[in-house]
Amino acid sequence: MEDIDNLLLPEINLETDDIIMNIAVKKDYSQIEDLAERKKEFIKDLKDFIEEFSQTPESMEFMEYYD
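What you see is a predicted model, and the numbers here were worked out from it, not measured in a lab.

Trainee: Give me the pattern of salt bridges: which residues, what numbers.
Mentor: Enumeration over the complete set of coordinates arrives at four salt bridges. Between Glu41 and Lys27 there is a salt bridge, and its shortest N-O distance comes to 2.6 Å. Of this pair, Glu41 sits in helix α1 (residues 35-54) while Lys27 sits in the loop between β2 (20-24) and α1, and the two are 14 residues apart along the sequence. With its nearest N and O atoms 3.5 Å apart, the salt bridge here joins Lys44 to Asp45. On the basis of relative accessibility, which here comes to 19%, the residue Asp45 falls in the buried class.

Trainee: Would you mind going over the pairing of strand β1 (residues 11-15) in detail, with residue names and values included?
Mentor: In terms of burial, β1 is largely open, as just zero of its five residues are buried. Where β1 meets β2, five bridges bridge the pair, whose relative direction is antiparallel. Paired with Asn13 across the bridge in β2 is Asn22. What sits between the antiparallel neighbours β1 and β2 is a turn of four residues.

Trainee: Quick rundown of the packing of aromatic side chains? Include the residues and the values.
Mentor: Inspection of the entire model under this criterion finds two aromatic pairs. Consider the rings of Tyr29 and Phe42, whose centres lie 5.8 Å apart with planes at 85°: the pair is edge-to-face. Pair noted here: Tyr29 is in the loop between β2 and α1 and Phe42 is in helix α1, with a separation of 13 residues, a long-range link. Look at Tyr65 and Tyr66: their rings are 4.9 Å apart centre to centre, the planes differ by 85°, and that puts the pair in the edge-to-face class. In terms of burial, Tyr65 and Tyr66 fall into one category: exposed.

Trainee: I'd like a description of the nonpolar core, backed by residues and values.
Mentor: With five residues, the main nonpolar core is built from Ile23, Val25, Tyr29, Phe42 and Leu46. The contact partners of Leu46, leaving out residues within four places of it in the chain, are Leu14 and Ile23.

Trainee: Got a sec to walk through α1? Specific residues and values, please.
Mentor: End to end, α1 covers 29 Å across 20 residues, agreeing with the expected 28 Å (1.5 Å per residue, within 8%). When α1 is considered as a whole, its buried residues turn out to be Phe42, Asp45 and Leu46. In a view along the axis of α1, the buried residues occupy a sector of 100°, so they form one face of it. Facing away from the buried surface of α1 by more than 90 degrees, the exposed residues are Ala36, Lys40 and Lys47. Close packing links the buried residues of α1 with β1 and β2. The N-cap of α1, judged by a side-chain oxygen 3.3 Å from the amide nitrogen of Ala36 a few residues on, is Asp34.

How each quantity is defined
- Residues numbered from 1 in each chain as written.
- Predicted model: local features only at pLDDT ≥ 70, side-chain atom pairs only at ≥ 80, totals over all residues.
- Heavy atoms only, no water.
- Salt bridge = Lys/Arg side-chain N within 4 Å of Asp/Glu carboxyl O.
- Helix = DSSP H or I, 4+ residues; strand = E, 2+ residues; numbered from the N terminus.
- Buried < 20%, exposed > 50% of the residue type's maximum accessible area, 1.4 Å probe, protein only.
- Pairing = 2+ DSSP bridges.
- Phe/Tyr/Trp six-rings, centres within 6.5 Å; stacked < 30°, edge-to-face > 60°.
- Core = buried A, V, L, I, M, F, W, Y, C linked by side-chain atoms within 4.5 Å.
- Contact = heavy atoms within 4.5 Å.
- Expected span 1.5 Å × (residues − 1).
- Arc of directions from axis to C-beta.
- Polar contact = N/O pair within 3.5 Å; in protein donor to acceptor, adjacent residues only side chain to side chain.

Structure (C-alpha cells):
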C-alpha cells in the first residue's frame, strides 16, 4: 500500500469568517455517477468526519489553545 504522504489527493480549501479548513480527500467519489448524489455523499462524509473529530481527545486539546 502506498504511503498516504506520497499520494496525489484532490484537495479543497473551505473558508468562512471564522474557520479556514484545508482538506485532502482520500475517498474516490468517481464511482457515484450522479453529480448531485456524489455531492450528497461527500457532504455526509464531511459531517461524519466533523462529528467523529468532536468526540476525540484531540478536539479538546485543540480548544485548549485558547486557554
